[in-house]
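Take a look at the letters that make up each chain.
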Amino acid sequence: MSNSSTIVAQATAPGEASIAMVRLSGPQALSFLQKIFRKKKLKNHPLPSRGRGEDLLFVHEGGSWEDFETHKMYFGEIMIPHPHPSPFGTGVKDGTNNIPLSPLGERVQGEGVVLDQAMVVFMKAPHSFTGEDVAEIHMHGSPVVVEQVLKILVGLGATSAKPGEFSKRAFLNGKMDLSQAEAIADLIASKSELAAKNALSQLGGNLSRLVESLRQDLIQVMSRLELGFDFIEEDVALFNPKECLLVLEKIKTTSKRLLASFQTGQLYKHGLKIALVGKPNVGKSSLLNAFLEEDKAITHSEPGTTRDVVMGEIKLSGIPIQIYDTAGLREAAHPVEQEGIKRSENLIEKADLVLVILDSSNPLTLEDHQILEKIKLKKHLKVANKIDLKPGWDLKTVGDQIFSVSAVTSQGLNEILEEIQKLFLKGSLEIDSGFVLNNVRHQKILQEVLVQVENVGAGLSRPVGVNNYSPIPEELLAEELRLIARLLGNITGEVKDEHILDEIFSKFCIGK
Ligand SMILES: Nc1nc2c(ncn2[C@@H]2O[C@H](COP(=O)(O)OP(=O)(O)OP(=O)(O)O)[C@@H](O)[C@H]2O)c(=O)[nH]1
Ligand SMILES: [Mg+2]
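This is a predicted model, so every value here is computed, not measured.

Colleague: Where do I start with the site of ligand 1 in this structure?
Modeller: Neighbouring ligand 1 are 23 residues, the closest being K284, S285, S286, G304 and T305. T306 places a side-chain nitrogen or oxygen 2.8 Å from an oxygen atom of ligand 1. Contact with the protein chains covers 87% of the free accessible surface of ligand 1, which is 660 Å². Of all the elements, helix α9 (residues 284-292) adds the most residues to the shell around ligand 1, at three residues. Grouping the constituent residues of the shell around ligand 1 by class yields six nonpolar, 13 polar and four charged.

Colleague: Help me out: how do you make sense of the coordination of the magnesium ion (ligand 2) in this one?
Modeller: The textbook angles at a metal center are 109.5 degrees for a tetrahedron of four donors and 90 or 180 degrees for an octahedron of six. At the metal site, the magnesium ion (ligand 2) is ligated by S285 (OG) and T306 (OG1), and these contacts range over 2.0 Å. You can see S285 sitting in helix α9 and its partner T306 sitting in the loop between α9 and β11 (310-316), a full 21 residues away along the chain. You'll find S285 and T306 in the same group, each marked buried.

Colleague: Any chance you could explain the layout of surface pockets here in plain terms?
Modeller: Space left empty within the atom packing is revealed by a probe, the size of a water molecule, rolled over the atoms. Size it by volume and the largest pocket reaches roughly 590 Å³. Every residue lining the largest pocket is counted, 21 residues in all, and those nearest its centre are E182, N439, R441, I504 and K507. Secondary structure elements with two or more residues in the lining of the largest pocket: α4 (178-189), α13 (440-460), α14 (474-492) and α15 (498-505). Broken down by class, the residue content of the lining of the largest pocket amounts to ten nonpolar, two polar and nine charged.

Colleague: Whenever I open this one, the sheet that holds strand β13 (residues 353-359) confuses me. Can you help?
Modeller: Remark on secondary structure: sheet strands pair via backbone hydrogen bonds, oriented parallel or antiparallel. Pairing within the open sheet is mixed, and its six strands lie in the order β11-β12-β10-β13-β14-β15. Taken across any chain shown, the strands that pair with only one partner, and hence form the sheet edges, are β11 and β15 (402-404). This sheet shows a mean twist of 25° between the axes of neighbouring strands, independent of strand direction. Summarising the sheet, β13 and strand β14 (residues 380-385) pair through six bridges and their orientation is parallel. Within β14, the residue paired with D359 across the bridge is N385.

Colleague: Looking at this model, I keep getting lost on the packing of aromatic side chains. Mind explaining?
Modeller: Note on aromatic pairs: each is described by the distance of the centres and the angle between the planes. Using the criterion set out here, one finds four aromatic pairs in the structure. Pairing F68 with Y74 gives two aromatic rings, centres 5.2 Å apart and planes at 80°, and the pair type is edge-to-face. An angle of 50° between the planes, with centres 5.1 Å apart, marks the rings of F505 and F508 as tilted. Residue classification places F505 among the buried positions, given a relative accessible area of 2%. The positively charged end of K39 is found above the aromatic ring belonging to F68, 4.9 Å away from the centroid.

Colleague: Looking at this structure, I do not really get α4. What am I missing?
Modeller: Along an α-helix, residues three or four apart share an orientation, since each turn contains 3.6 residues. Taking 1.5 Å per residue, twelve residues should reach 16 Å; α4 reaches 17 Å between its end C-alpha atoms and fits that length. Two to three positions downstream of the cap, the backbone nitrogen of S179 sits 3.0 Å from a side-chain oxygen, assigning the N-cap of α4 to D177.

Colleague: I'm lost on unusual backbone geometry in this one. Help?
Modeller: Phi is mostly negative for residues that are not glycine, and the peptide bonds are mostly trans. In this chain, A125 is followed by P126 through a cis amide linkage whose omega measures 5°. Its place among the elements puts P126 in the loop between β7 (112-123) and β8 (134-141). The phi torsion at N281 lies on the positive side, around 75°, for a residue other than glycine. Positionally, N281 belongs in the loop between β10 (272-277) and α9. We note that S410 has phi near 70°; this positive angle belongs to a residue other than glycine. Classification of S410 as partly exposed rests on a relative accessible area of 35%.

Colleague: Which parts of the structure should I look at to understand the nonpolar core?
Modeller: I321, L355, I416 and I420 are the most contacted members of the largest nonpolar core, which totals 34 residues. Broken down by element, this core gets its largest block of residues, six residues, from helix α12 (residues 413-425). Counting contributing residues, this core receives three or more from each of domain 2 (183-261 + 435-505) and domain 3 (275-425). Every residue in contact with I321, bar those within four places of it in the chain, is listed here: L272, I274, G312, E313, I314 and L316. In terms of nonpolar packing, the next biggest core, distinct from the first, is built from 33 residues, L258, L450, L460 and L488 among them.

Colleague: Whenever I open this one, α14 confuses me. Can you help?
Modeller: Compared with an ideal rise of 1.5 Å per residue, which puts 19 residues at 27 Å, α14 spans 27 Å between its outermost C-alpha atoms and is within 8% of the ideal. Regarding α14, the residues found buried are E474, L477, A478, L481, I484, A485, L487, L488, G489, N490, I491 and T492. At the exit of α14 stands G493, carrying a positive phi of roughly 85°.

Colleague: I tried to follow the side chain of S25 on my own but got confused; where do I start?
Modeller: Relative to the elements of secondary structure, S25 occurs in strand β2 (residues 17-25). Separated by 2.5 Å, the side chains of S25 and E132 make a polar contact. Setting aside anything within four residues of it in sequence, one finds S25 in contact with S5, T6, I7, T130, E132, D133, V134, F166 and R169.

Colleague: Teacher, can you tell me more about the packing of helix α7 (residues 241-260) against α13 here?
Modeller: Helix-helix packing is described using two parameters, namely the angle between the two axes and the distance between the axes. It is at 9 Å that the axes of α7 and α13 come closest, and there the two elements cross at 150°. As judged from the angle between their axes, α7 and α13 are roughly antiparallel. As α7 packs across α13, the resulting crossing turns out to be left-handed. Seen from α7, the contacting residues are P241, C244, L245, L248, I251, K252, S255, K256, L258 and L259; seen from α13, they are Q443, L446, Q447, V449, L450, V453, E454, V456, G457 and L460. Split into classes, the residues belonging to the contact of α7 with α13 amount to 13 nonpolar, four polar and three charged.

Colleague: Would you explain the side chain of Q322 in this entry?
Modeller: In this fold, Q322 is placed in strand β12 (residues 319-325). What makes Q322 buried here is its relative accessible area of 8%. Engagement of the side chain of Q322 in a polar contact is seen with the backbone oxygen of H270, the distance being 3.3 Å. Contact partners of Q322, with chain neighbours within four places excluded, come to H270, L272, K273, I274, M311, G312 and E313.

Colleague: I keep staring at the pairing of β8 and nothing clicks. Help me out?
Modeller: Successive side chains on a regular strand alternate, one facing one side of the sheet and the next facing the other. The buried fraction of β8 is high, at six of eight residues. Here eight bridges tie β2 to β8, and the two strands are oriented antiparallel to one another. Looking across to β8, one finds that I19 is bridged to H140.

Criteria and thresholds
Residue numbers run consecutively from 1 along every chain, following the written order of its sequence. Each chain takes a letter, starting from A, and each ligand takes a number, starting from 1, following the order in which they are written. The predicted nature of this model means local features are confined to residues of pLDDT at least 70 and side-chain atom pairs, given and counted, to a pLDDT of 80 or more, with totals for whole chains, interfaces and linings taken over all residues. Water and hydrogen atoms play no part in the side-chain values, which are based on all heavy atoms of the structure. Throughout, the term near means that a residue has one or more heavy atoms lying within 4 Å of the molecule or strand in question. Distance and chemistry together define a polar contact, namely a pair of N or O atoms within 3.5 Å, with one atom able to donate a hydrogen and the other to accept it when in protein, and with adjacent residues in sequence counting only for side-chain atoms on both sides. The accessible surface values rely on the Shrake-Rupley method and a 1.4 Å probe; as for residues, cover is taken only from the protein chains in view. A helix here means a DSSP run of H or I that spans at least four residues, while a strand means a run of E at least two residues long, and both kinds are numbered starting from the N terminus. Residues are grouped as follows: Ala, Val, Leu, Ile, Met, Phe, Trp, Tyr, Cys and Pro are nonpolar; Asp, Glu, Lys and Arg are charged; every other residue, Gly included, is polar. The rule for donors is simple: an N, O or S atom within 2.8 Å of the metal counts, and for Na, K and Ca the reach is 3.2 Å. Water is not among the atoms, so a site may look short of donors. Only protein chains enter the calculation, and the probe is 1.4 Å; a residue is then buried if its accessible area is under 20% of its type maximum, exposed if over 50%, and partly exposed in between. Throughout, the protein atoms alone are placed on a 1 Å grid, and a set of points is a cavity if a 1.4 Å probe fits but cannot get out or a pocket if it is open with protein on both sides within 12 Å along at least five of seven lines; lining residues have an atom within 4 Å of a point. Grid points are joined across faces, edges and corners, and a volume is the space filled by probe spheres set on the points. Paired strands, as defined in this entry, are two strands with at least two bridges between them according to DSSP. For helices, the fitted line uses only the C-alpha atoms of the stretch in contact; every axis is such a line through C-alpha atoms, and the angle between N-to-C directions lies from 0 to 180 degrees. Only rings of Phe, Tyr and Trp enter the pairing, Trp through its six-membered ring, and a pair is recorded when the two centres are within 6.5 Å. The plane angle decides the type: under 30 degrees is stacked, over 60 is edge-to-face, the rest tilted. For a ring to carry a charge above it, either NZ of a lysine or CZ of an arginine must fall within 6 Å of the ring centroid while also lying within 35 degrees of the normal to the ring plane. What a helix is expected to span follows from its residue count: subtract one and scale by 1.5 Å. Throughout this description, the term nonpolar core refers to a set of buried Ala, Val, Leu, Ile, Met, Phe, Trp, Tyr and Cys residues connected via side-chain atoms within 4.5 Å. Per the annotation, domain bounds derive from an automatic or database assignment of domains. By definition in these notes, contact holds between two residues if any of their heavy atoms fall within 4.5 Å. Orientation is classified from the angle alone, with under 35 degrees giving roughly parallel, over 145 giving roughly antiparallel, 65 to 115 giving roughly perpendicular, and any other angle giving oblique. Crossing handedness: left-handed means the near helix sits turned counterclockwise from the far one by under a right angle, and right-handed means the same turn made clockwise.

Below, the structure written as structure tokens:
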């Protein structure tokens, strides 16, 4: 499949950097590159002088200026081709002409204005990321220069790429399947080493191969079933329900295994959210600082110090753990504090785990009991802080499992971390299949597959008829199996649906 437009976008992150890369993809990639770039001899390989006015001549070793061998990097200059208006104003007089100076202070010839020095590479279709003609321009990472280059290319006729458009083209040109394209987005967004490793495994095709082999097994069974329709007169049972059941069983086991790994995949991808919750002054902010070993949140002996949510991150076995310090929960009079309390309550909803902080040095109050009541259905741990001080109540009154800690001495913090590890990370760090499911779209598809497989399986398990005929009408069975195959195909994008594709690729970043 080929696209008639040539798209352009910055492929590197926006902002100042040593290098920025602008990428073009499409049939005119080369001609646009030729219009704005001139190869230049590197200083240590000087060209023989060509006389006055030719000292800015660009190298065209072997062939003309326009020749770009595929997959070869060239050094040179980005030019604003005339008659494109100069972004540097009307120019500086050099005695003979009103010729603008580039920011590099270079004189400008009839070719145009020099914008930057650059390295460029042209990759001829189909041997490129998108499978189309691709040109990459590696320039200095100045947002001003990058913007100019993009403007010029758009002025020449290139189209600004939509988010994920390069990857979408790569997918449509058969360079990778859908789950691999999704893996690129995941790899870029990885928050932990494990997430990156998992995305790389998906990019390498681990998920695709698994799903595709199941789909192929199913297609074989389906083709035998459909062949049977043609031989209906001859009373030959080509289709064997037992064989079909075996294939369905395999799909079921694999789907279940992948779905079971989803929580781990999410953990790799997003980490864990932990909320420190409690009435004012129990030491929530002090505990956040103690976990982070950093003075991040303001602490004070006056209750109601924290108004906003403050987040800090630590790593536990490579998994990012986001710890949120919240405003103390109480009946607050001040509207700002009320807003803070509302935010704390929202956070309780979103958190994977709530640490309810109690002050061990002062007797429990009604507020403590109300908070304990409020979170009793959430996954939570009870934590008695300030155990470096004289105890104010018997910790056993709130149940058997309570963690005794001190934000001042850091005593007891490791026990909490070990418990978190036990609750969330145990077993999830050893991936036997080399891959865990981490994508909500894949999860939804596999859930549908499972329901469908269980339905068909239940029907097929009924006693078989004479000659092993299927216990459910074969046309109906064929339809059901086709649906499962189609669902599996949606994971790898074997079945192309424009809406699904737009939805997936629109979540990518621009330039990817
Ligand atoms: N001795 C002792 N003092 C602590 C400990 N943790 C906190 N404090 C003190 O308790 C007071 C309140 O601490 P914060 O961390 O600000 O309490 P908070 O729960 O964040 O309070 P709000 O933001 O008002 O909800 C401060 O004076 C802290 O120094 C502890 O483990 N031991
Ligand atoms: Mg606080």
